[in-house]
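An overview of the molecular structure
For reference, the chains in residue letters:
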Amino acid sequence: MLPASVFEDLSPYARVVTAVLPFVAALLLRIVLGKNQVTRVLLSVSTTWFAINVLMTPFSEGMRRDILDVRSWFR
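What this report covers is the structure whose coordinates are included nearby. Keep in mind it's a predicted model, so treat the numbers as computed, not measured.

Reading the values: the criteria
- Residues numbered from 1 in each chain as written.
- Predicted model: local features only at pLDDT ≥ 70, side-chain atom pairs only at ≥ 80, totals over all residues.
- Heavy atoms only, no water.
- Helix = DSSP H or I, 4+ residues; strand = E, 2+ residues; numbered from the N terminus.
- Buried < 20%, exposed > 50% of the residue type's maximum accessible area, 1.4 Å probe, protein only.
- Polar contact = N/O pair within 3.5 Å; in protein donor to acceptor, adjacent residues only side chain to side chain.
- Contact = heavy atoms within 4.5 Å.

A few words on the overall build of the protein chain. Along its length, the protein chain carries four helices and zero strands. For the protein chain, the α and β elements follow one another from N to C terminus as α-α-α-α. Within the span of the protein chain, comprising 75 residues, buried residues form 11% of the whole.

Its place among the elements puts S46 in helix α3 (residues 37-56). Engagement of the side chain of S46 in a polar contact is seen with the backbone oxygen of L43, the distance being 3.1 Å. The residues contacting S46, other than those within four sequence positions of it, are P22, F23 and A26.

If you want it as structure tokens, here you go:
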């Protein structure tokens, strides 16, 4: 079992939460703790995590099927 296969079993809403929640948590920590090195790193890492999730989602098997289904709607 590959670590990435855990994400394939998630529902679409759970995938959105795994992409957005770390970013929101980093923003809240930034507001609470202020600007410091830890919050800068957390914000950078969570932004990268969000971008990876957004960019890699269309390449998952389920998303490819969904994209192909949408194209068939317009034929």
